[in-house]
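# Inside the fold
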Amino acid sequence: DASGQHVAPLLPPPSPAGATAASATASGGGGAAEAEDRFCCGGPDISSVGEPRRSSTAAASAMTFPELVSRLEAAMGQASLLLNDRLRTLQIRLKGAAATAAQQRELCEIADGIAAASYHVQKWAYLLQGGSGGEGRKPTRPSRCEEIDEAIASVHSALPRLMVAASEA
């Protein structure tokens, strides 16, 4: 960068199944420029988190509500662990480096989404506990993030609330 600051390193975009790097670059388009501005384009598949192992697909049946809730709580725990790990990695990458405006917008958008999810789960837990008559307090709507430090602080604050609200719901 001309200002003397280093730009944060980016992860490469995921390639479509079966596509090669040569075919992805040969296709051109605006996808490469858009993907350059993203922090993270791939990750582990957590769709099966909390699911019990099954011996066969024929034995699968409809889940009861308590099973669904226990799987939701396990999935929230796994997602929180993964998000905290990714956030720590991001903070390390950003030390001494400047993020681009697009990276800052994307990080703020992600933090806003996590804060919104936390708010909605807290609201759900509050309503399930009996609303204003319950012992909990009504959650407040989160404000939008505008800076990277604010986004990181927002995620650090929202994740524990999300975990607690999910276990209470």
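It should be noted that the structure appears before, not after, this text.
Now for a quick tour of the structure.

Parameters at a glance
Residues numbered from 1 in each chain as written. Predicted model: local features only at pLDDT ≥ 70, side-chain atom pairs only at ≥ 80, totals over all residues. Heavy atoms only, no water. Helix = DSSP H or I, 4+ residues; strand = E, 2+ residues; numbered from the N terminus. Patch = residues over 30% accessible without salt bridge, like charges linked within 9 Å, V, L, I, M, F, W, Y side chains within 5 Å. Areas by Shrake-Rupley, 256 points an atom, 1.4 Å probe, with all protein chains shown as cover. Salt bridge = Lys/Arg side-chain N within 4 Å of Asp/Glu carboxyl O. Lys, Arg positive; Asp, Glu negative; His and termini not counted. Charge placed at Lys NZ, Arg CZ, Asp CG, Glu CD. Buried < 20%, exposed > 50% of the residue type's maximum accessible area, 1.4 Å probe, protein only. Core = buried A, V, L, I, M, F, W, Y, C linked by side-chain atoms within 4.5 Å.

Following the sequence through the fold, Arg 105 ends up in helix α4 (residues 101-128). Distance from Arg 105 to Ile 148, taken between C-alpha atoms, is 8.5 Å for residues 43 residues apart in sequence.

On the surface, Glu 146, Glu 147, Asp 149 and Glu 150 cluster together into a patch of negative charge. Relative to the assigned elements, Glu 150 resides in helix α5 (residues 148-168). Look at Glu 150 and you get partly exposed, because its relative accessible area is 32%.

Tracing the sequence through the fold places Ala 125 in helix α4. Ala 125 gets classed as buried once you look at its relative accessible area, which sits at 2%. Linking Ala 125 and Ser 167, residues 42 residues apart in sequence, is a C-alpha distance of 8.6 Å.

The next point concerns the nonpolar core. The biggest cluster of nonpolar side chains holds 20 residues, and the ones touching the most others in it are Leu 107, Val 121, Ala 151 and Val 155. Going through the elements one at a time, α3 (65-94), α4 and α5 are the ones with two or more residues in this core.

Moving on: the pattern of salt bridges. Counting across every chain of the model gives two salt bridges. Where Arg 88 meets Asp 85, a salt bridge forms, and the shortest distance between an N and an O atom there is 2.6 Å. Highlighted residues: Arg 88 and Asp 85, both in helix α3, separated by three residues, approximately one helical turn. Given the relative accessible area of 47%, Arg 88 is considered partly exposed. The exposure class assigned to Asp 85 is partly exposed, which follows from its relative accessible area of 35%. Asp 112 is paired through a salt bridge with Arg 144; the nearest N and O atoms lie 3.6 Å apart. Taken together, the residues Asp 112 in helix α4 and Arg 144 in the loop between α4 and α5 connect sequence positions 32 residues apart. You can call Arg 144 exposed: its relative accessible area is 64%.

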